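Listed below, chain by chain, are the residues.
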Amino acid sequence: MDWGTIINNTLAGLLTPTTIAFALAALGLAMHFGFAGLLNFGIAGFMAIGAYGYAISVLTFGFPWWLGMIVGILGSIGFAILLGVPTLRLRGDYLAIVTIAAAEIARLLFLTTAFTDVTGSADGLFGYNKAGGFTDANPFPPGSYGFGPWTYNSETLWVITFGLGVLAICVWLLWALMRSPWGRVIKGIREDEDAIRALGKNVFAYKLQALIIGGVFGGMGGIIYAAFANVSPGVYVTSITFFIWTSLLLGGAATIFGPVIGAVIFWTLQAFLSNILPELSSSGILPVDGTQAATLRFVLVGIGLMLLVIYRPQGIFGDKREMTFVK
Amino acid sequence: MNFLSVGNPKRLLKPLIILFTALIIGLGLMTPAHADSVGEEFDYAVVGNVKVEGEPVAGVRMTVEGGDYSASTVTDETGSWLIGVPEKSEYSVTIDESTLPAGVIVLEGGVTQEVTFKLGDRVVQNFFIGEGERNEVAFIDQVIARVIYGINFGLMLGLASVGLSLVFGTTGLSNFAHGEMVTFGAVAALILGVFLELPIWVAIPAAVLLSAGMGWSLDAGLWKPLRSRGLGIIQLMIVSIGLSLTMRYIIQFFIGGGTEQLPGFDSPKINLFGSVALSVNDLYSMGISIIVIVAFAFWLMKTKTGKATRAISDNPDLAAASGIDVDKVIRIVWIVSAAMAGLAGVLWAYFRPGIKWDMGTQILLLIFAAVTLGGLGTAFGALIGALIVGLLVETSSLFIPSDLKYVAALVVLIGVLLFRPQGIMGRKQRIG
């Protein structure tokens with residue numbers, strides 16, 4: 001077994017554009033579920049809308065990259081309103097079913113051959129970073145940066161710097177919001193909706209605002225992911241939503257840094273497992289073939305999610321008193 | 001390509017030419033980048049992919065014309081093609097229908113379609129192709145056939161939905177692992193009927209029994225202990241998501257990522273009237289679904305356990321106080337729910353046809369749609385919801401592209417929540 005490569009690849013997973021993108025999505029879910037108590041199972045849909053909004057507005061309408069990203073964010077705001085208006089007055093599990101269904105509708109609309117001209121259907125979209133000028137906006141001259149497992153070319157470094165900047169702004173925003181009077185009302189709604197209503201607050205409006213803000217974080221996650229990889233409908237499946245949930249619950253749903261650290265741990269662990277399991281199978285320690293070894297890590301995710309929710313629902317950094325979903 | 005040239009009688013008379021052609025094609029296949037691409041020296045390209053029912057078609061001739069430029073190529077073994085063009089402007093793309101497999105034609109838009117370059121360096125042009133007969137069938141016959149398919153699909157969806165609804169009614173859990181119970185039934189039938197080569201009339205009942213056993217063991221090993229621990233409903237729901245991921249990937253671990261078929265999936269078609277034809281399997285499937293649903297209705301309405309189930313759905317505390325053993329009834333509900341989901345999986349495997357590791361994920365949202373449409377927690381509401389969703393999914397492909405057929409059902413789900421959130425049969429206090 002080549003431990004050097006395994007450790008190197010695992011450590012590289014600590015800081016990649018993918019990790020940053022999913023940390024942003026997990027942050028959005030923390031806003032939705034951790035602070036406002038909204039069961040959003042459609043975070044993959046928010047990411048897809050953000051990514052496609054950016055890519056399509058650059059490729060089809062010829063927008064510059066920054067305007068395209070704004071369109072992606074506006075798209076996720078629209079998606080949040082579309083989901084929130086019919087369901088936020090109803091019980092929580094209705095929102096769960098509607099969000100998962102809406103994310104799937106979005107994915108199927110991006111996948112269908114009916115709109116191939118715009119969406120690229122199953123092939124997805126590519127070339128928008130260059131066409132929209134995002135690649136040219138790179139301030140780093142070509143070359144190799146960093147050291148050890150964290151060696152990046154200038155393009156990856158640009159995406160990582162940009163992504164970290166966005167992530168930092170979003171983390172700050174969430175922290176500032178949650179210590180404001182607005183944040184206290186949101187947490188109050190999570191604890192006891194009727195009590196907040198009795199105080200004369202418009203609970204529906206507050207929930208919708210929370211859904212929109214979290215949705216924007218999710219959409220930004222999709223945009224950062226699109227700034228690095230191609231946009232492909234196969235990414236935004238329901239499994240991705242559940243992986244983001246797992247990383248959120250791992251770090252702690254009702255915390256500011258929990259979702260970020262949870263996402264880093266989750267994707268680093270994924271990098272580790274996807275390196276070590278095939279190695280174990282090819283060296284004969286695990287009696288399975290290579291494809292089965294790759295499948296095994298998702299089985300472990302499922303088991304991990306179950307154990308986490310049963311035994312430590314507040315996550316690594318959370319406070320159990322903050323988790324009203326634990327009866 | 002190869003067999004096409006051999007099949008041509010003129011060339012059979014000239015074996016040398018065949019040899020020559022085969023050589024050229026052989027050389028071409030060895031370097032596929034050149035077989036399917038022309039004009040690679042240009043910066044811009046028109047690309048596409050030719051597929052029939054998801055299967056790539058090789059050797060289809062594509063032509064791109066525009067201005068005074070013209071080039072053509074054939075698709076490679078993955079069905080894809082690429083034609084480079086000198087400038088970003090308008091081009092017309094033509095697919096040569098005579099090179100498509102027999103009976104396959106372009107269904108929409110004609111054989112020549114216009115493409116325009118946007119900002120990207122490439123533009124994709126795919127043709128909507130499929131079995132040619134479809135266009136010749138009278139519209140009313142299509143409608144009748146789709147309605148019958150829809151009822152068939154709706155009935156099997158109903159089998160899966162009433163279970164989810166019963167579990168929700170008695171325990172309050174929205175079980176996201178229910179889709180995997182459907183897959184489990186189909187996979188059990190596959191293992192017994194194909195890998196162990198049991199006769200199919202043994203394999204299917206045994207698969208349903210195994211599903212029932214699965215329901216029993218899940219309640220005994222997971223849900224009952226969690227209820228005793230006092231986990232909240234949302235916690236249980238997330239546990240069911242973890243369970244769904246675990247089961248889904250365990251199934252992929254054993255049967256792989258491909259599509260497997262049960263024995264006898266390609267049963268002969270029987271012409272009913274006009275051009276409406278149903279396979280023997282479809283008829284069996286509808287018969288079995290109706291018998292099981294009637295038996296289920298009898299169980300729920302007339303037997304003691306059925307009445308106890310409805311009592312718990314109405315008010316668990318009152319039911320427990322009046323001497324009903326709530327845990328025992330919930331155990332039975334899990335067994336019934338899993339057995340019916342397993343049966344639905346077997347029937348769906350014949351209907352699709354095929355068994356795939358993630359088929360449960362596909363149907364889960366339709367089950368949720370059916371249950372919500374009918375009213376969460378109501379068994380017969382779920383049945384009516386399932387029939388409506390089944391009809392909608394099948395008939396919608398008359399009006400919208402068939403790869404969007406599930407979208408119609410999901411849009412209706414959201415629409416229902418807007419206007420009548422308690423569903424068709426539900427009561428208003430359930431929605432909280």
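These figures come from a predicted structure and were not determined experimentally.

**Things to note about the overall build of chain B**
Assigned secondary structure in chain B consists of 15 helices and 14 strands. Put simply, chain B has 432 residues, and 44% of those count as buried. Within chain B, residue pairs in contact and separated by at least 24 positions form 71% of the contacts whose partners lie at least 6 positions apart.

**Description of the overall build of chain A**
Helices and strands together make up the secondary structure of chain A, namely 14 helices and two strands. In summary, chain A has a C-alpha radius of gyration of 20 Å against a globular reference of 20 Å for 327 residues, a match within 12%. C-alpha extents for chain A along the principal axes are approximately 60 × 50 × 40 Å. In chain A, which comprises 327 residues, the proportion classed as buried is 51%. Sequence separation of 24 or more characterises 73% of the internal contacts of chain A that already satisfy a separation of 6 or more.

**Let's talk about the interface of chain B and chain A**
Listed as interface residues are 46 residues of chain B and, on the opposing side, 50 residues of chain A. Looking at the side of chain B that touches chain A, the elements that each hand over two or more residues are helix H8 (233–255), helix H13 (359–374) and helix H15 (405–419) of chain B. Considering each element in turn, the side of chain B that touches chain A owes the most residues, 14 residues, to H8 of chain B. Of the residues assigned to the side of chain B that touches chain A, the class counts are 30 nonpolar, 13 polar and three charged.

**Focus on the confidence of the model for chain B**
Predicted confidence across chain B gives a mean pLDDT of 82, with 87% of residues reaching 70 or more. Low pLDDT, under 50, characterises residues 1–35 of chain B; the stretch is placed with 18 contacts to residues that sit more than four places away or in other chains.

**Topic: unusual backbone geometry**
The general pattern is negative phi for most residues beyond glycine and trans for most peptide bonds. Note the cis peptide between arginine 352 of chain B and proline 353 of chain B, where omega equals -15 degrees. Relative to the assigned elements, proline 353 of chain B resides in the loop between helix H12 (326–351) and H13. The phi torsion at serine 121 of chain A lies on the positive side, around 35 degrees, for a residue other than glycine. Examined against the element boundaries, serine 121 of chain A turns out to sit in the loop between helix H6 (116–119) and helix H7 (128–131). Of note, the phi angle at glutamate 197 of chain B is positive, near 55 degrees, even though the residue is not glycine. Here glutamate 197 of chain B lies in the loop between helix H6 (178–195) and helix H7 (200–229).

**Focus: the pairing of strand E2 (residues 150–153) of chain A**
Residues and elements named next belong to chain A. As paired elements, strand E1 (residues 144–147) and E2 share four bridges and run antiparallel to each other. From the neighbouring strand, serine 144 faces E2, where its bridge partner is asparagine 153. Adjacent in sequence and paired antiparallel, E1 and E2 are bridged by two residues, among which glycine 148 carries a positive phi angle near 55 degrees.

**Considering the packing of helix H3 (residues 43–59) of chain A against helix H4 (residues 65–87) of chain A**
Axis angle and axis distance: for two packed helices, these are the angle between their axes and the distance between the axes, and together they describe the pair. All names here are of chain A. Where H3 contacts H4, the two axes come as close as 7 Å, and the packing angle between them is 145 degrees. When you trace H3 past H4, the crossing you get is right-handed. Contacts between H3 and H4 involve Gly45, Phe46, Ile49, Gly50, Ala51, Gly53, Tyr54, Ser57 and Val58 from the first element and Trp65, Leu67, Gly68, Met69, Val71, Gly72, Ile73, Gly75, Ser76 and Phe79 from the second.

**Focus: the sheet that holds strand E8 (residues 90–95) of chain B**
Strands in a sheet are paired, the pairing made by backbone hydrogen bonds, and the direction either parallel or antiparallel. All names here are of chain B. If you trace the four strands from one edge of the open sheet to the other, you get E6-E5-E8-E10, paired in antiparallel fashion. The outermost strands of the open sheet, each flanked by one partner alone, are strand E6 (69–74) and strand E10 (112–116). Pairwise comparison of adjacent strand axes, ignoring direction, gives a mean angle of 20 degrees for this sheet. The pairing of E8 with E10 spans five bridges and is classified as antiparallel. Paired with serine 92 across the two strands is glutamate 114, which belongs to E10.

**Focus: the nonpolar core**
In terms of nonpolar packing, the biggest core is built from 206 residues, with Leu24 of chain A together with Ala369 of chain B touching the most fellow members. Ranked by the residues each element gives to this core, the list is headed by H12 of chain B, at 18 residues. Excluding its chain neighbours within four sequence positions, the residues that come into contact with alanine 369 of chain B are Ala101 of chain A together with Val389, Ala409, Leu410, Val412 and Leu413 of chain B. Of all hydrophobic cores here, the second largest spans 19 residues; its members include Val38, Val46, Leu100 and Val123 of chain B.

**Some thoughts on the environment of leucine 157 of chain A**
Here leucine 157 of chain A lies in helix H8 (residues 154–178). Through-space distance from the C-alpha of leucine 157 of chain A to that of asparagine 138 of chain A is 9.0 Å; in sequence the pair is 19 residues apart.

So, how was this worked out
Residues numbered from 1 in each chain as written. Chains lettered and ligands numbered in written order. Predicted model: local features only at pLDDT ≥ 70, side-chain atom pairs only at ≥ 80, totals over all residues. Helix = DSSP H or I, 4+ residues; strand = E, 2+ residues; numbered from the N terminus. Buried ≥ 20, exposed ≤ 12 C-beta atoms within 10 Å, placed from the backbone. Contact = placed C-beta atoms within 7 Å. Rg over C-alpha atoms; globule rule 2.2 N^0.38 Å. Nonpolar A, V, L, I, M, F, W, Y, C, P; charged D, E, K, R; others polar. pLDDT = per-residue confidence, 0-100. Pairing = 2+ DSSP bridges. Axes fitted to C-alpha atoms, helices over the stretch in contact; angles between N-to-C directions. Left-handed = near helix turned anticlockwise from the far one by under 90°. Core = buried A, V, L, I, M, F, W, Y, C linked by C-beta atoms within 7 Å.

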